[in-house]
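Close look at the chain arrangement
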Amino acid sequence: MKTLAVYNLKGGVGKTAASVNLAYLASQSGLRTLLWDLDPQGAASWYLQANTEEIPDKSMWRAGADIEGQIQSTAYDKLHLLPADLHTRHLDTWLRKDGARDALLQRLKPVNRRYDLVVLDCPPSLSHLADNVFTASDLVLVPTVPTHLSLRALKTVIDYYEAEGYPRNTLKPFYSMADRRRLLHRMLIEQPPKMIKDVAKTVIPYASAVERMGEHRAPLEVFESYGYAAEAYRDLWKEVNAALKKT
Ligand SMILES: Nc1ncnc2c1ncn2[C@@H]1O[C@H](COP(=O)(O)OP(=O)(O)OP(=O)(O)O)[C@@H](O)[C@H]1O
Ligand SMILES: [Mg+2]
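Described below are features of the structure shown in this document.

The rules behind the values
- Residues numbered from 1 in each chain as written.
- Chains lettered and ligands numbered in written order.
- Predicted model: local features only at pLDDT ≥ 70, side-chain atom pairs only at ≥ 80, totals over all residues.
- Heavy atoms only, no water.
- Phe/Tyr/Trp six-rings, centres within 6.5 Å; stacked < 30°, edge-to-face > 60°.
- Helix = DSSP H or I, 4+ residues; strand = E, 2+ residues; numbered from the N terminus.
- Buried < 20%, exposed > 50% of the residue type's maximum accessible area, 1.4 Å probe, protein only.
- 1 Å grid on protein atoms, 1.4 Å probe; cavity = no way out; pocket = protein on both sides within 12 Å on 5 of 7 lines; lining within 4 Å.
- Points joined across faces, edges and corners; volume = space filled by probe spheres on them.
- Nonpolar A, V, L, I, M, F, W, Y, C, P; charged D, E, K, R; others polar.
- Axes fitted to C-alpha atoms, helices over the stretch in contact; angles between N-to-C directions.
- Parallel < 35°, antiparallel > 145°, perpendicular 65-115°, else oblique.
- Left-handed = near helix turned anticlockwise from the far one by under 90°.
- Contact = heavy atoms within 4.5 Å.
- Salt bridge = Lys/Arg side-chain N within 4 Å of Asp/Glu carboxyl O.
- Polar contact = N/O pair within 3.5 Å; in protein donor to acceptor, adjacent residues only side chain to side chain.
- Near = heavy atom within 4 Å.
- Areas by Shrake-Rupley, 256 points an atom, 1.4 Å probe, with all protein chains shown as cover.
- Sits in = over half its atoms within 2 Å of the grid points.

**As for the packing of aromatic side chains**
- With the rule as written, the count across this model stands at six aromatic pairs.
- Ring centres of Y24 and Y76 lie 5.1 Å apart, and the angle between their planes is 80°; on these two criteria the pair is classed as edge-to-face. Separated by 52 residues along the polypeptide, Y24 in helix α1 (residues 15–28) and Y76 in the loop between β3 (72–73) and β4 (79–82) bring together distant segments of the chain. For the residue pair Y24 and Y76, the accessibility class agrees, reading buried in each case.
- Seen from their ring centres, Y161 and Y166 are 5.1 Å apart, and the 40° between their planes marks the pair as tilted. Like Y166, Y161 is buried.
- Cluster of aromatic residues (ring-pair linked, three or more members): Y7, F134, Y161 and Y166.

Here you go:
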């Protein structure tokens, strides 16, 4: 089982859109996939039409508890969901009680044989939860809008990641919500700053089709597979899958 996090300290950069689309594409490629929504906003759960009566409570964080009973199936073959709601805001506190940075990793152990891939949709913060995510993940994708402020947030993440001893090659930025009509976006895409010379080749464009995921409450591929945004997510999945295989 591999674990892929979609993470950024910065909010509103396309983490949830990427989590849902990549998890769906992974499942359609045949991988038994679990999307774990770690964000109290519950956006990924909402996109996947989670049953909100069965949201995990803190019992899953008690010593010895496992996550299996909280997992839901989705409308899609091979794609399961561990949903979130406002309870999830306590996640940091529960994890702190656990103390170690590997609490999330430990919670995933019981499902190790049941899934090929776990996708973690993370909330925008750099907290104890983030350390647990970094510890549990084989690859951490960081959607980054091609603007100066987004790159500044990314630098904060990279500096922290390196300072805490996480291997830099497991942190993979990709450009998200890119608008090629904007000179700054084009410049930063064509000449990425040195700190992200490993930025993914695939650029996720700014596209209204992605916003329509909220109308359909479904992955983009399900309702508009012909567009350029859907194609970009397919390309990103190929690139990420290849990177995961090397981990
Ligand atoms: N490529 C895109 N093109 C256009 N709109 C997008 C794109 N990606 C995401 N959006 C829109 O931007 C908003 C934020 O996207 P999303 O929820 O995926 O970001 P996020 O990083 O998960 O946010 P948060 O930090 O709040 O969890 C949503 O309204 C979404 O529909
Ligand atoms: Mg989100």
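Structure's up, so let's keep going.
**Observations regarding empty space enclosed by the protein**
- Scanning the model with the defined rule gives two cavities of 30 Å³ or more in all.
- Here the second largest cavity is characterised by a volume of approximately 40 Å³.
- If you trace the second largest cavity, you find it lined by N21, Y24, L25, P219, L220, E221, A230 and Y233.
- Of all elements in the fold, only α1, α10 (220–223) and α11 (228–245) reach the threshold of two or more residues within the lining of the second largest cavity.
- With three residues, α1 is the largest single contributor of residues to the lining of the second largest cavity.
- Residues of the lining of the second largest cavity, tallied by class, amount to six nonpolar, one polar and one charged.

**Here we look at the packing of helix α3 (residues 91–98) against helix α5 (residues 128–136)**
- In contact at an axis separation of 8 Å, α3 and α5 are set at 70° when each is read in the N-to-C sense. Our classification of the angle between α3 and α5 gives roughly perpendicular. α5 is crossed by α3, and the crossing has left-handed handedness. For the pair α3 and α5, contact is made by L91, D92, L95 and R96 and by H128, L129 and N132, respectively.
- A breakdown of the residues in the contact of α3 with α5 according to their chemical character gives three nonpolar, two polar and two charged.

**Regarding the pattern of salt bridges**
- Within the structure shown, the criterion is met by 11 salt bridges.
- Measuring nitrogen to oxygen at the nearest pair gives 3.0 Å for the salt bridge that ties D179 to R181.
- Classification of D179 by relative accessible area gives buried; the value is 9%.
- Overall, the relative accessible area of 71% leaves R181 in the exposed class.

**A word on the environment of D37**
- Relative to the helices and strands, D37 is located in strand β2 (residues 33–37).
- On a C-alpha basis, the gap between D37 and K246 in space is 25 Å, while along the polypeptide they are 209 residues apart.
- Leave out the neighbours within four places in its chain, and D37 touches G42, A43, A44, S45, L82, P83, A84, T88 and D121.
- Polar side-chain contacts of D37 include one of 2.6 Å to the side chain of S45.

**Observations regarding the site of ligand 1**
- Among the 18 residues in the neighbourhood of ligand 1, the closest are listed as V13, K15, T16, A17 and P205.
- In the environment of ligand 1, an oxygen atom lies 2.8 Å from a nitrogen or oxygen atom belonging to the backbone of T16.
- Residue A207 places a main-chain N or O atom 2.9 Å away from a nitrogen atom belonging to ligand 1.
- Isolated, ligand 1 exposes 630 Å² of accessible area, and the fraction of that covered by the protein chains is 83%.
- If you map ligand 1 onto the pockets, it falls in the largest pocket.
- Taken together, the elements giving at least two residues each to the shell around ligand 1 come down to α1 and α8 (208–211).
- Partitioned by chemical class, the residues of the shell around ligand 1 number 10 nonpolar, five polar and three charged.

All we've got here are geometric facts, nothing functional implied.
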